[in-house]
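Architecture and fold: a report
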Amino acid sequence: MIALVVGSSPPMKSDWYTAFRFPEAPAAMITPLAAAKLHMYSWSNRRRSLSCRASAAITLTPAESAQAARDILLAEATGGRLHIAHVSAQSTVEVVAWGKARGVAVTAETCPHYFTLTDDAITGFDTNCKVNPPLRTEADRRASIAAIADGTIDCIATDHAPHLKGEKDAEWDAAPAGMTGLETAFSLGYETLVLGGALDLAGYVARLTVKPAQILGLSLPLLEVGREAELVVLDLDADWQY
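First, a word on what this report is: a plain description of the structure on this page. Quick caveat: nothing in here was measured; it's all calculated off a predicted structure.

Structural notes on the pairing of strand S3 (residues 81-84)
Residues Leu82 and Ile84 line the buried face of S3, whereas the alternating positions Arg81 and His83 sit on a face that is not buried. As judged from the four bridges shared by S3 and strand S4 (residues 105-110), these two strands associate in the parallel manner. Bridging across to S4, His83 finds its partner in Thr107. Between S3 and its parallel partner S4, the chain crosses via helix H4 (residues 90-101), and the hand of that crossover is right-handed.

Focus: the side chain of Thr184
Here Thr184 shows up in the loop between helix H7 (165-168) and helix H8 (185-194). When neighbours within four sequence positions are excluded, Thr184 is seen to be in contact with Trp240 and Tyr242.

Focus: the packing of H8 against helix H9 (residues 201-208)
Packing of H8 against H9 leaves a shortest axis separation of 10 Å and a crossing angle of 140 degrees. Taken together, the axes of H8 and H9 lie oblique to each other. Considering only the axes of H8 and H9, their crossing is right-handed. In this structure, H8 contributes Ala185, Phe186, Gly189, Tyr190, Leu193 and Val194 to the contact, and H9 contributes Leu201, Tyr204, Val205 and Leu208. Here the contact of H8 with H9 is composed, by residue class, of nine nonpolar, one polar and no charged.

Some remarks on the pattern of salt bridges
Under the definition given, this model contains six salt bridges. Of the charged contacts, one joins Glu76 and Arg102 as a salt bridge, the two residues approaching to 3.0 Å between their closest N and O atoms. Here the residue Glu76 occupies a position in helix H3 (residues 61-78), and Arg102 occupies one in the loop between H4 and S4, the gap between them amounting to 26 residues. In this structure Glu76 comes out as partly exposed when scored by relative accessible area, which is 31%.

With respect to the sheet that holds S4
Backbone hydrogen bonds are what pair the strands of a sheet, in a parallel or an antiparallel way. Spatially, S3-S4-S5 is the arrangement adopted by the three strands of the open sheet, whose pairing is parallel. At either margin of the open sheet sits one strand with a lone partner, and together these are S3 and strand S5 (155-156).

Comments concerning the nonpolar core
Of all hydrophobic cores here, the largest spans 27 residues; its most connected members are Ile72, Ile84, Ile148, Leu193 and Tyr204. Among the secondary structure elements, those contributing two or more residues to this core are H3, S3, H4, S4, helix H6 (138-150) and H8. The residues touching Ile72, leaving out its near neighbours within four places in the chain, are Leu82, Ile84, Val95, Val96, Trp98, Gly99, Val104 and Val106. Grouped together as the second largest cluster of nonpolar side chains are eight residues, Tyr114, Ile122, Val131 and Trp172 included.

Quick word on a nonpolar patch on the surface
A contiguous nonpolar surface patch, about 400 Å² in accessible area, is contributed by Leu201, Val205, Val232, Leu234 and Leu236. Considering the arrangement of structural elements, one finds Leu236 in the segment after helix H10 (210-216). Among the residues examined, Leu236 registers a relative accessible area of 35% and is labelled partly exposed.

Thoughts on the packing of aromatic side chains
Applying the stated criterion across every chain yields a total of two aromatic pairs. For the pair Phe186 and Tyr190, a centre-to-centre distance of 5.8 Å together with 10 degrees between the ring planes defines the contact as stacked. Of this pair, Phe186 and Tyr190 both sit in helix H8, separated by four residues, roughly a single helical turn. Each member of the pair Phe186 and Tyr190 is classed as buried. Relative to Tyr204, the ring of Phe186 lies with its centre 5.3 Å away and its plane at 40 degrees, an arrangement referred to as tilted. Residue Phe186 is located in helix H8, and its partner Tyr204 is located in helix H9; the two are separated by 18 residues in the primary sequence. Just as Phe186 is buried, Tyr204 falls in that class too.

So, how was this worked out
- Along each chain, numbering runs from 1 in the same order as the chain's sequence is written.
- It should be noted that, the model being predicted, local features are given only for residues of pLDDT at least 70 and side-chain atom pairs only at 80 or more, the latter also being counted only at that level, while totals for whole chains, interfaces and linings use all residues.
- Calculated side-chain values reflect all of the structure's heavy atoms, with hydrogen atoms and water omitted.
- Partly exposed residues are those whose accessible area sits between 20% and 50% of the maximum for their type, while under 20% is buried and over 50% is exposed, using a 1.4 Å probe and protein chains only.
- By definition, any uninterrupted DSSP run of H or I lasting at least four residues is a helix, any uninterrupted run of E lasting at least two residues is a strand, and each is numbered from the N terminus.
- Two strands form a pair only when DSSP identifies at least two bridges running between them.
- The handedness of a crossover follows from its direction of travel: if, with the strands pointing away from the viewer, the path from the first strand over the helix to the second runs clockwise, the crossover is right-handed.
- A contact between two residues is defined here by any heavy atoms of the two lying within 4.5 Å.
- A fitted line through C-alpha atoms represents every axis, and for helices the fit uses only the stretch in contact; the resulting angles, taken between N-to-C directions, go from 0 to 180 degrees.
- Throughout this description, any angle smaller than 35 degrees is read as roughly parallel, any larger than 145 degrees as roughly antiparallel, any in the 65 to 115 degree range as roughly perpendicular, and the remainder as oblique.
- Take the far helix as your reference; a near helix turned counterclockwise from it by less than a right angle gives a left-handed crossing, and one turned clockwise gives a right-handed crossing.
- Ten residues, namely Ala, Val, Leu, Ile, Met, Phe, Trp, Tyr, Cys and Pro, are considered nonpolar, four, namely Asp, Glu, Lys and Arg, are considered charged, and the remaining ones, Gly among them, are considered polar.
- Salt bridge, as used here, is a side-chain nitrogen of Lys or Arg placed within 4 Å of a carboxyl oxygen of Asp or Glu.
- For our purposes a nonpolar core is just a set of buried Ala, Val, Leu, Ile, Met, Phe, Trp, Tyr and Cys residues, chained together by side-chain atoms within 4.5 Å.
- To count toward a patch, a residue needs a relative accessible area above 30% and no salt bridge. Like charges then connect within 9 Å, nonpolar side chains (Val, Leu, Ile, Met, Phe, Trp, Tyr) within 5 Å.
- For every accessible area listed, the method is Shrake-Rupley and the probe measures 1.4 Å; residues are considered covered only by the protein chains on display.
- Only Phe, Tyr and Trp rings take part, Trp by its six-membered ring, and two of them pair if their centres are within 6.5 Å. Stacked means planes under 30 degrees apart, edge-to-face means over 60, and tilted covers everything else.

What follows is the structure, given as structure tokens:
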């Protein structure tokens, strides 16, 4: 018996968990009692943050991976398509791989901050690094890179969410979640994934352009006479700081 906690509101008696009988499910999926406790802790933590690092730690990865597993099972049952945004946890990567192995039409993406930063960035209560889902551990970061490389994570999105300086210049609980991502996305991925050896340049560009278009069923831009061109000029040797 595998239990999946659902929802982000305070758990009610009727929705503590939904159970599915899939003995081959990955270890990332959790037991009913642990799931209920983790859900309660995660919810109460949004009201009373113990510390900056504890805030990320208590919002434990099963809250993300269990939701992903539930949706994958629903997609399988209905024959639907599912795209999972902002994968941040190793356990979610494992769940997505499990769903694809079952033949479910599931795709996934992650963001540059999840494969470049860890929860070390928030030990000083830097609200610029407060994002949702939160930054995870080094193991989660490495799992994201491996999943991008092997195709478990299909594409990369920025989750570009800028805020006014005055909004971010607040206590951790009061500051909104989100960070800028559009301006730095290519450079972060190029340095981490291409120069880091996880992808070649063509594979990296495809995950930013071709793969998202394929997932959304959009026609791919082509360099042909009479067609509208979409070009980006990059200086791969430039050294800059944002």
